[in-house]
Amino acid sequence: MYNGIKDMKKSDSNIRVLVTENAGFTLVELLVVLGIIALLMTLVAPQVIRYLSDARSETAAVQLKNIESALELYYLDIPIKRGRSALPG
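These notes cover the structure that comes with them. Model, not experiment: these values are computed from the prediction.

A short note on the overall build of the chain
Along its length, the chain carries two helices and zero strands. Taken over 89 residues, the chain has a buried fraction of 0%. In the form shown here, the chain has an accessible surface area of approximately 8,700 Å², with 66% of it arising from carbon and sulfur atoms.

So this is what it looks like as structure tokens:
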């Protein structure tokens, strides 16, 4: 019976050694993961850039409409002088 307990202690220590030896990642595994991430970035980056460009264009269009509205309100508030309209054109 004593030998069985002694053998069990040896096998437990062997298991612990195996688990602790395989606890980290290898360089190859890390490089594969980095390669996959780089590949996904190359596929996604053009789409993100396009969406940002579209958002900037939309923002510029909205700002131009706001300026146009502000100018129209400004011209409507200017008093009419010498019988001429304040609106240009």
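Some remarks on a nonpolar patch on the surface
Judged by side-chain polarity, Val-28, Val-32, Ile-36, Leu-39, Leu-40, Leu-43, Val-44, Val-48 and Leu-52 come together as a nonpolar surface patch covering roughly 840 Å² of accessible area. With respect to the helices, strands and loops of the structure, Leu-52 is situated in helix α2 (residues 27–77).

Regarding α2
In a regular helix each residue adds 1.5 Å, so 51 residues correspond to 75 Å; α2 covers 72 Å between its end C-alpha atoms and thus fits that length. Approximately 35° is the largest bend angle found in α2, and it occurs at Val-44, with the proline Pro-46 only one to four residues beyond.

Analysis parameters
- Residues numbered from 1 in each chain as written.
- Predicted model: local features only at pLDDT ≥ 70, side-chain atom pairs only at ≥ 80, totals over all residues.
- Heavy atoms only, no water.
- Helix = DSSP H or I, 4+ residues; strand = E, 2+ residues; numbered from the N terminus.
- Buried < 20%, exposed > 50% of the residue type's maximum accessible area, 1.4 Å probe, protein only.
- Areas by Shrake-Rupley, 256 points an atom, 1.4 Å probe, with all protein chains shown as cover.
- Patch = residues over 30% accessible without salt bridge, like charges linked within 9 Å, V, L, I, M, F, W, Y side chains within 5 Å.
- Salt bridge = Lys/Arg side-chain N within 4 Å of Asp/Glu carboxyl O.
- Expected span 1.5 Å × (residues − 1).
- Bend = angle between axes of the 7 residues up to and from the residue.

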